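Structure assessment
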Amino acid sequence: MRRIRANAIAILTVAWILGTFYYLWQDNKPQSSPSSSASQARGRGHGQKVIPGRLEIHRDDRTIPLILLGSFDEKAYLAAKQLKLGDDPYKDHAFNLQESDRLGGERAIRDTRHYRCAALTYDTDLPSTSIVITFHNEARSTLLRTIKSVLMRSPPSLIQEIILIDDFSSDPEDCQLLAQIPKVRCLRNGRREGLIRSRVRGANMASASILTFLDSHCEVNTDWLQPMIQRVKEDHTRVVSPIIDVISLDNFAYLAASADLRGGFDWSLHFKWEQIPIEQKMARSDPTQAIRTPVIAGGIFVMDRSWFNHLGQYDTHMDIWGGENFELSFRVWLCGGSLEILPCSRVGHVFRKRHPYDFPEGNALTYIKNTRRAAEVWMDEYKQYYYSARPSAQGKAFGSVTDRLALRRKLNCKPFRWYMENVYPELRQNDRRDLKYIEWKLIGSQEAGKKMIGLEQECQTQDLNFVLLQLFLIIKTSPVVIYTTPK
């Protein structure tokens, strides 16, 4: 019995070794051209129909030769801005600079796409794109890794140029030295303009028919670009975004994000990731299909340049950062376009817990100004819910929106009610956490008033029981009369 068991183990071991060698031999075999019969057979094996004139992308066709950086001295560029011993690695960039510098200008990352994505095909005549990257005092290692990942993981024919907009960084050489890399252009603002106006400048300088907007602390993944350009080529009114994977701000680990999420928001115009509605999820038989999304995060997307210009680019009276993604998303949907997230496009992004740069009027006031402009132009009667959820926006200056309202009339855009009924019906008007259901009437001390202002902010995120408990505590400690009435 022991001899039989030993013989069986030996046979299985030999079979496993032979199988391993066979797999490695097959994996290293030279690949034939897409037009060959062997390639067609492999395409059928993946369950994909081979279409003449379409480019096949396979999971085993991922080796890209080391790019030529021209006269650019990568080592000198990175060494000039190394973290000094004893310095706080989080202070200047709100992520672990020491870990970013350790990785250098490039690294291998895991292909996080669904396995079916590797068998998809794309047109061989896809148009090229101008990639616009804006930054202000970005870490050199992170910025360089963004650029190199684009050059190394994109078909060269699809990259017309990479336009860097240096938004008045402290050191002009952060951008200027990178212009030595082929296809990279550097434009420097003469003063701090912010992401919104910087992107418009980059778009105006672009020469390709497709625009790709990318943040400066990203790493693109395998075959990230082809799916997005393909969708825009098929319909120029589409604005498409990848699934945004997470790059840890602490150790820079590359983490796959869920493929079942879309962009959403609450009435205070706070962006959030949310699950795809169950009806939409049940209707998606193919995990590679595009996901309709009410809004995009705004940091990474692809858009036809003529469509971008036709729709009025960005609202350039918005400042620095924040709210521009809502304004663009509303405008695209209401004025004849659509928004999609593509599961077969993956881009990693460093999500930070704070902004490492200053806002001239402060972070909160800038965000209120920007989102109020979006609400006033696009939300019609639904803007009352924005003001109820964000009472601090009442009375805050937001500038003139006359030109944006004129643009809306010129484009003959739909009312926001259409958006609520056809794009985002899940945004309920009767959300009990919304402040519109509580009217406040105060009589009493200034201290009680301060507590009430704080409570209004809490109401944006807490349920009604929490609100009532806080009301009880205020009544107990302050000479104040408060009435609460549901509308």
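Values in this document were obtained by computation on a predicted structure and should not be read as measured data. (Residues numbered from 1 in each chain as written. Predicted model: local features only at pLDDT ≥ 70, side-chain atom pairs only at ≥ 80, totals over all residues. Heavy atoms only, no water.)

Let's talk about the environment of Ala 118
- In this fold, Ala 118 is placed in the loop between helix H4 (97-103) and strand S2 (121-123).
- What makes Ala 118 buried here is its relative accessible area of 3%.
- With 226 residues separating them along the chain, Ala 118 and Cys 344 place their C-alpha atoms 8.4 Å apart. (Helix = DSSP H or I, 4+ residues; strand = E, 2+ residues; numbered from the N terminus. Buried < 20%, exposed > 50% of the residue type's maximum accessible area, 1.4 Å probe, protein only.)

So, the confidence of the model for the protein
- Averaged over all residues, the pLDDT of the protein is 82; the fraction at 70 or higher stands at 72%.
- Here residues 21-67 is modelled with pLDDT under 50, and outside its nearest four sequence neighbours on either side it reaches 60 contacts, counting other chains as well. (pLDDT = per-residue confidence, 0-100. Contact = heavy atoms within 4.5 Å.)

A few points about the pattern of salt bridges
- Considering all chains together, one arrives at 35 salt bridges under this definition.
- Of the charged contacts, one joins Glu 193 and Arg 197 as a salt bridge, the two residues approaching to 2.8 Å between their closest N and O atoms.
- Two residues, Asp 319 and Arg 197, come together in a salt bridge whose shortest N-O distance is 3.2 Å. Taken as a pair, Asp 319 in the loop between helix H10 (305-310) and helix H11 (324-334) and Arg 197 in helix H7 (residues 195-205) lie far apart in primary sequence, 122 residues in all. (Salt bridge = Lys/Arg side-chain N within 4 Å of Asp/Glu carboxyl O.)

Let's talk about unusual backbone geometry
- If you check the backbone angles, Phe 168 has positive phi at about 60° while not being a glycine.
- With respect to the helices and strands, Phe 168 occurs in the loop between strand S4 (159-166) and helix H6 (173-176).
- Classification of Phe 168 as partly exposed rests on a relative accessible area of 39%.
- The backbone of Leu 269 sits at a positive phi, close to 60°, despite the residue not being glycine.
- Locating Leu 269 in the fold gives a position in the loop between strand S10 (261-265) and strand S11 (271-275).
- On the basis of relative accessible area, Leu 269 is assigned to the buried category, the value being 0%.

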